Amino acid sequence: MNFLRFGLRRLAEMAVTLLAASFVIFGAMYLAPGSPASFLLSGRSASPAALEAINRQYHLDDPFAVRYFRWLGQLLHGDFGRSITYRTDVSRLLADRLPSTLLLVAMALVLVVAAGLALGRIAAVRGGAVDSTILVTTTLAVGTPSFVAAVLLQGLFAVRLHWFPAGGTGDGPVQMLWHLTLPAVALALYLIGMLARVTRSAMVEVLGQEHVTVALSRGVSRRKVMSRHVFRNALGTVLTTGGLIVSTLLVCTVLVESAFGVGGIGQLLELSITTKDFPTVQAISLTMVGLFMLINLAVDLAHPLVDPRIALGPRRSAA
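Residues numbered from 1 in each chain as written. Predicted model: local features only at pLDDT ≥ 70, side-chain atom pairs only at ≥ 80, totals over all residues. Heavy atoms only, no water.

Enquirer: What is the right way to read the overall build of the protein from this model?
Expert: Per the secondary structure count, the protein includes twelve helices and zero strands. Ordered by position from the N terminus, the helices and strands of the protein form the series α-α-α-α-α-α-α-α-α-α-α-α. Here the protein holds 319 residues, and 39% of them are scored as buried. In the protein, of all internal contacts separated by at least 6 residues, the share reaching a separation of at least 24 is 74%. Here the protein has roughly 17200 Å² of accessible surface; of this, 66% comes from carbon and sulfur atoms. (Helix = DSSP H or I, 4+ residues; strand = E, 2+ residues; numbered from the N terminus. Buried < 20%, exposed > 50% of the residue type's maximum accessible area, 1.4 Å probe, protein only. Contact = heavy atoms within 4.5 Å. Areas by Shrake-Rupley, 256 points an atom, 1.4 Å probe, with all protein chains shown as cover.)

Enquirer: Got a minute to help me understand the nonpolar core in this structure?
Expert: As a rule of thumb, soluble globular proteins bury nonpolar side chains together. By size, the foremost hydrophobic cluster in this structure holds 30 residues, and its most contacted members are Val-112, Leu-187, Ile-245, Leu-249 and Phe-260. Examining the composition of this core, we find that ten residues originate from one element, helix H8 (residues 172–207), more than from any other. In contact with Leu-249, not counting residues within four places along its chain, are Val-105, Ala-108, Leu-109, Leu-187 and Leu-191. Ranked by size, the runner-up nonpolar core spans twelve residues in total, among them Val-90, Leu-268, Phe-278 and Ala-283. (Core = buried A, V, L, I, M, F, W, Y, C linked by side-chain atoms within 4.5 Å.)

Enquirer: Which parts of the structure should I look at to understand the environment of Arg-70?
Expert: Within the fold, Arg-70 resides in helix H4 (residues 64–76). Between the C-alpha atom of Arg-70 and that of His-59, which follows or precedes it by eleven residues, the distance is 9.9 Å. Setting aside its immediate chain neighbours within four residues, Arg-70 contacts His-59 and Asp-62.

Enquirer: When you look at helix H11 (residues 265–274) in this model, what are you seeing that I'm missing?
Expert: Residues spaced three or four apart along an α-helix point in a common direction, a consequence of the helix completing one turn every 3.6 residues. Every buried residue belonging to H11 is among Ile-265, Gly-266, Gln-267, Leu-268, Leu-269 and Ser-272, and all of these are buried. Once H11 ends, the next one or two residues include Lys-276, with phi positive near 60 degrees.

Enquirer: Looking at this structure, I do not really get unusual backbone geometry. What am I missing?
Expert: Most peptide bonds adopt trans geometry, and most residues besides glycine take a negative phi value. Not every positive phi belongs to a glycine, and Arg-87 is a case in point at roughly 55 degrees. Note on placement: Arg-87 falls in the loop between H4 and helix H5 (90–126). The phi dihedral of His-162 is positive, around 60 degrees, even though this residue is not glycine. You can see His-162 is positioned in the loop between helix H7 (146–160) and H8.

Enquirer: Looking at this structure, I do not really get a nonpolar patch on the surface. What am I missing?
Expert: On the surface, Leu-4, Leu-8 and Leu-11 cluster together to form a nonpolar patch covering roughly 320 Å² of accessible area. Turning to its location among the elements, Leu-8 is positioned in helix H1 (residues 3–31). According to the relative accessible area criterion, Leu-8 is exposed, its value standing at 51%. (Patch = residues over 30% accessible without salt bridge, like charges linked within 9 Å, V, L, I, M, F, W, Y side chains within 5 Å. Salt bridge = Lys/Arg side-chain N within 4 Å of Asp/Glu carboxyl O.)

Enquirer: I tried to follow the packing of H5 against H8 on my own but got confused; where do I start?
Expert: When two helices pack together, their arrangement is captured by the angle between the axes and the distance separating the axes. Across the interface, H5 lies against H8 with an axial gap of 5 Å and an inter-helix angle of 35 degrees. In the crossing of H5 with H8, the sense of the turn from one axis to the other is right-handed. Broken down by class, the residue content of the contact of H5 with H8 amounts to 28 nonpolar, five polar and two charged. (Axes fitted to C-alpha atoms, helices over the stretch in contact; angles between N-to-C directions. Left-handed = near helix turned anticlockwise from the far one by under 90°. Nonpolar A, V, L, I, M, F, W, Y, C, P; charged D, E, K, R; others polar.)

Enquirer: Got a minute to help me understand the side chain of Arg-97 in this structure?
Expert: Considering the arrangement of structural elements, one finds Arg-97 in helix H5. In this structure, Arg-97 is buried with no salt-bridge partner, the nearest side chain bearing the opposite charge being Glu-257 at 6.7 Å. (Lys, Arg positive; Asp, Glu negative; His and termini not counted.)

Enquirer: Could you clarify how one ought to interpret the packing of aromatic side chains in this entry?
Expert: Any pair of aromatic rings gets described here by the distance separating the centres and the angle formed by the planes. Enumeration over the complete set of coordinates arrives at eight aromatic pairs. Ring centres of Phe-23 and Phe-64 lie 5.9 Å apart, and the angle between their planes is 90 degrees; this geometry places the pair in the edge-to-face category. You can see Phe-23 sitting in helix H1 and its partner Phe-64 sitting in helix H4, a full 41 residues away along the chain. Of the residues examined, Phe-23 reaches a relative accessible area of 46% and is grouped as partly exposed. Put simply, the rings of Phe-23, Phe-26, Phe-64, Tyr-68, Phe-69 and Trp-71 pair up and form one aromatic cluster. (Phe/Tyr/Trp six-rings, centres within 6.5 Å; stacked < 30°, edge-to-face > 60°.)

Structure below.
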């Protein structure tokens with residue numbers, strides 16, 4: 001199956017998955033207790049006429065199918081609806097807050113890739129005490145949830161040492177990078193440990209293969225064997241983990257952004273769930289599902305570039 005056919009087939013699968021996800025996301029909000037009307041009233045009692053006016057304004061009294069297909073039609077036209085809490089278009093909220101989240105995820109991803117690959121490679125190549133030390137360190141990192149890392153980093157580097165701000169995003173690119181450093185480290189810590197362990201395991205497995213032993217016995221330098229054979233052959237396994245890493249970063253931003261007061265879509269999602277802001281929650285959730293699928297598609301397309309032995313599409317058995 002060629003590249004174009006594979007891409008078109010995956011895009012069709014993504015469209016079907018998005019449609020199914022949109023139905024689940026839309027329906028899940030209405031299964032939770034409470035309603036937007038109760039938030040808008042802020043606990044005050046209201047007359048039946050006032051409740052009817054609120055329900056009519058936000059179409060809350062329409063049948064479920066009518067509400068869903070109306071929302072789906074709006075999505076197809078690029079309209080995410082209007083936020084019940086902020087009284088503005090959801091698309092404007094996403095446009096204002098998405099850059100902070102994407103920058104935070106990008107900073108964390110750079111840390112994960114740089115530190116995770118380096119630690120995993122060093123552990124596999126050096127072995128011995130260095131390998132044991134890295135394994136213990138990465139085990140501690142994997143066992144530390146993002147919100148725990150956020151609290152520890154805030155207490156040490158923001159409150160005690162005053163090296164970094166405790167929260168916010170700052171003004172301007174430089175200030176934003178400075179404010180997002182601690183959140184990026186808190187977000188990346190767990191995944192650095194995971195990627196380091198995956199890289200180490202993949203390289204150790206390749207080291208035991210026959211072609212590596214033969215290359216070393218023929219006098220090829222160990223550094224060249226590690227670069228051209230071991231690390232390159234292990235990249236397929238590492239790349240598969242990469243899709244999971246980016247997806248986990250997007251999910252964990254909800255906790256980290258709330259802990260550091262970063263005004264991104266993670267914090268917006270948490271606040272919107274609390275206030276039953278249906279349009280905002282549905283838009284953010286569907287956006288994240290779309291990002292997950294795009295990440296998986298990118299990983300699938302990148303696999304043959306890293307390892308030419310991997311073909312796109314289903315493998316055919318030999319006759």
